[in-house]
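Working through the structure, step by step
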Amino acid sequence: MADAKVIPFDEDRPRRRMPRRVRAVAAPEPVVEPPAAPERPAAVPGDSWDRKVAGGLAFLRRRITGEYEVDDFGYDKELTDQVLMSLMRPLYEKYFRVEVRGIENIPAEGGALIVANHSGTLPLDGLMLQVAVHDHHPAERHLRLLAADLVFMLPVVNELARKAGHTLACAEDAQRLLEAGELVGVMPEGFKGIGKPFGDRYKLQRFGRGGFVSTALRAGTPIVPCSIVGAEEIYPMVGNAKTLARLLGIPYFPITPTFPWLGPLGALPLPTKWTIQFGEPIPTEGYAAEAAEDPMLMFNLTDQVREQIQHTLYKLLVQRRSVFF
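First, a word on what this report is: a plain description of the structure on this page. Since we're looking at a predicted model, the values are computed, not measured. (Residues numbered from 1 in each chain as written. Predicted model: local features only at pLDDT ≥ 70, side-chain atom pairs only at ≥ 80, totals over all residues. Heavy atoms only, no water.)

Quick notes on the pattern of salt bridges
What counts is decided by this rule: One side-chain nitrogen of Lys or Arg within 4 Å of one carboxyl oxygen of Asp or Glu is enough to make a salt bridge. Per the convention used, a helix needs a DSSP run of H or I reaching at least four residues, while a strand needs a run of E reaching at least two, with both numbered from the N terminus. Remark: exposure states derive from per-residue accessible area (1.4 Å probe, protein chains only) relative to the maximum for the residue type, with buried under 20%, exposed over 50%, and partly exposed in between.
Per the stated rule, a full pass over the model turns up 15 salt bridges. Between R144 and D71 there is a salt bridge, with its nearest N and O atoms 2.9 Å apart. Placement of the pair is R144 in strand β3 (residues 143-147) and D71 in the loop between α1 (47-65) and α2 (77-95), with a sequence separation of 73 residues. With relative accessibility at 0%, the residue R144 sits in the buried group. In this structure, the salt-bridge partner of E232 is K196, at a minimum N-O distance of 2.9 Å. Of the two residues, E232 is situated in the loop between β6 (223-229) and β7 (239-240) and K196 in the loop between α6 (191-194) and α7 (211-219); the sequence distance between them amounts to 36 residues.

See below:
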């Protein structure tokens, strides 16, 4: 029990005010100072740890008893916020030291389609993009990434991707999420971007036939171009063992200066310095309903998004001091 505080009767105790008498000449009223705000109790050492432990135990209890919610796509918000984001955050903050620009271009609410370049041999850029949106947006919005079929064919990875909010890269799923007011992320280059040789770094590959534009038009949501610098150098891909890739059933088998020569150690990404910049949104709500079927419009909007991303990439590269700093 804390020591009692002794209060002198004649000094610090507030005096009772006597009722005023009516006089011919009104005397000025005494100035009454507002009572001081109560002091906050001092933090008890270990109190924060107690709360963390209690929160962790409550989290485990909900996982064991099944008292948690997932949406129709398998997205588990609680697991993502408390576990998956916490695992990715050290890589984001300490290893790649990601700098985020233009986060204000992402709407505070409602659906939006974020279109980004894809690179790095392994899709770490998508995960870092997810952390960037959640940790830097004032509303702490969650990004729902559209992933390739291969992601959902791999054991363990399949389940984690679903829990983190990723879904199959198809127009139907993307439109459902956008119409529900979600942020959806897409990287139209696909394996062509992530598996390109190091000599073609920061040169955008083909963006497909504009399916992402058609989806945004149908949902009436803005398109936010996004440029990522730094991911190209984490695994400098100097070769591709195509025969081995066909045997393993994967799009490519990367050969880098460290992999496979150094074994598992060669799979460690280089600690490059990243910059993620979100460009000004491209609105889509002003188009007619049949605009999503216009191939010329699809081509023009797709080219506009691609050119904006490419221009920003070149601009960021000129401003960059070093790959690692």
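A look at a nonpolar patch on the surface
As a reminder, the rule being used: Within this analysis, patches are made of residues with over 30% relative accessible area and no salt bridge. Like charges are joined at 9 Å or less; nonpolar side chains (Val, Leu, Ile, Met, Phe, Trp, Tyr) at 5 Å or less. Method for areas: the Shrake-Rupley scheme with a 1.4 Å probe, in which residue coverage is limited to the protein chains shown.
A grouping of V53, L57, L60 and I64 is seen on the molecular surface, where their side chains present a nonpolar patch of about 430 Å² in accessible area. Relative to the elements of secondary structure, L60 occurs in helix α1.

Quick look at the pairing of strand β5 (residues 183-186)
As a reminder, the rule being used: DSSP calls a pair of strands paired once it identifies at least 2 bridges connecting them.
Both faces of β5 are covered, namely the face carrying L183 and G185 and the face carrying V184 and V186. With 4 bridges connecting them, strand β2 (residues 112-116) and β5 associate as parallel partners. Following the sheet pairing, A112 is matched in β5 by L183.

So, the nonpolar core
Selection criterion: What we call a nonpolar core is a set of buried Ala, Val, Leu, Ile, Met, Phe, Trp, Tyr and Cys residues that are connected through their side-chain atoms within 4.5 Å.
Ranked by internal contacts, the top residues of the largest apolar core, which has 30 residues, are I114, L129, C226, I228, W274, I276 and F278. Counting residues per element, the ones that place at least two in this core are α2, β2, α3 (124-136), β3, β6 and β9 (275-278). At 6 residues, α3 tops the list of elements feeding residues into this core. L177, A291, A292 and I309 belong to the second-largest nonpolar core, a separate cluster that totals 28 residues.

Section: empty space enclosed by the protein
Filter applied, for reference: Here a cavity means grid points, on a 1 Å grid over the protein atoms only, where a 1.4 Å probe fits yet cannot get out; a pocket means an open set of points with protein on both sides within 12 Å along at least five of seven lines; lining residues are those with an atom within 4 Å of a point. Grid points are joined across faces, edges and corners, and a volume is the space filled by probe spheres set on the points. Residues were grouped as follows: Ala, Val, Leu, Ile, Met, Phe, Trp, Tyr, Cys and Pro as nonpolar; Asp, Glu, Lys and Arg as charged; and all remaining residues, including Gly, as polar.
Overall, the coordinates contain 1 cavity of 30 Å³ or more when judged by the stated rule. For the largest cavity, the calculated volume is near 50 Å³. Lining the largest cavity we find G120, T121, G193, I194, K196, P197, F198, E232, Y235 and M237. The class makeup of the residues in the lining of the largest cavity is 5 nonpolar, 3 polar and 2 charged.

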